[in-house]
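# Geometric and topological summary
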Amino acid sequence: QVQLVESGGGLVQPGGSLRLSCAASGTFFSIQSMGWYRQVPGKQRELVATTVSGGNTNYADSVKGRFTVSRDNAKNTVYLQMNNLKPEDTAVYYCNAGVKRGPTTSVYSYWGQGTQVTVSS
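Residues numbered from 1 in each chain as written. Predicted model: local features only at pLDDT ≥ 70, side-chain atom pairs only at ≥ 80, totals over all residues. Heavy atoms only, no water.

### Re the sheet that holds strand S8 (residues 77-82)
Worth spelling out the cut-off: Pairs of strands are assigned from DSSP output, requiring at least two bridges between the strands. For the purposes of this entry, the term helix denotes a DSSP run of H or I that reaches at least four residues, the term strand denotes a run of E that reaches at least two, and both are numbered from the N terminus. Fitted lines through C-alpha atoms serve as axes, helices being fitted only where they are in contact, and the angles separating the N-to-C directions of these axes extend from 0 to 180 degrees.
Reading across the sheet, the 4 strands line up as S1-S3-S8-S7 and stay open at both edges, with antiparallel pairing between neighbours. Every other strand in the sheet has two partners, leaving strand S1 (2-7) and strand S7 (67-72) as the edge strands with one partner each. Sheet twist, expressed as the average angle between the axes of neighbouring strands with direction ignored, equals 15 degrees.

Quick look at the structure:
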């Protein structure tokens, strides 16, 4: 089983910054991708930023230039540096990991429990 533990959410004023962290633990062969999604009540969960094992990253248009996703492979941890935060960034942020349990298995998707980010003055 794989566990994802997030940290770093909270309340911040518009224009401020926060850094989210997500550490993966458990028994697995490799982590193919790690990233962040967010969800507000009444809306679908949406992609924020992801990074794959080769180093490529993908961002939602709404966060490009403000958010940066990075990964520490040695620690099985993904980070999301969020700068110039806006009220519309308020949401529950979820960590996601695509994990191979063995060398020939499929990639399974795991989710963290979510961390609240509130941007308000």
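### Points about the state of the cysteines
By definition, a disulfide links the sulfur atoms of two cysteines through a covalent bond. Quick note on the threshold: Disulfide assignment relies on a single distance test, namely cysteine sulfur atoms paired within 2.5 Å. Residue exposure (1.4 Å probe, protein chains only): buried if accessible area is under 20% of the type maximum, exposed if over 50%, otherwise partly exposed.
This model, assessed by the stated rule, comprises 1 disulfide. Each sulfur of the disulfide joining Cys-22 and Cys-95 lies 2.0 Å from the other. Here Cys-22 and Cys-95 share a disulfide; its torsion about the S-S bond, -80 degrees, makes the bridge left-handed. Taken together, the residues Cys-22 in strand S3 (residues 18-26) and Cys-95 in strand S9 (residues 91-100) connect sequence positions 73 residues apart. Each member of the pair Cys-22 and Cys-95 is classed as buried.

### Description of the pattern of salt bridges
The cut-off we apply is this: Within this document, salt bridges are pairs made up of a side-chain nitrogen of Lys or Arg and a carboxyl oxygen of Asp or Glu, the two lying within 4 Å of each other.
A complete count under the given rule lists 4 salt bridges for this structure. Two residues, Arg-66 and Asp-89, come together in a salt bridge whose shortest N-O distance is 2.7 Å. With Arg-66 in the loop between strand S6 (57-59) and S7 and Asp-89 in the loop between S8 and S9, this pair connects stretches of sequence that are 23 residues apart. Look at Arg-66 and you get buried, because its relative accessible area is 8%. Overall, Asp-89 belongs to the buried group, its relative accessible area being 1%. Connected through shared salt-bridge partners, Arg-38, Glu-46, Arg-66 and Asp-89 make up one network.

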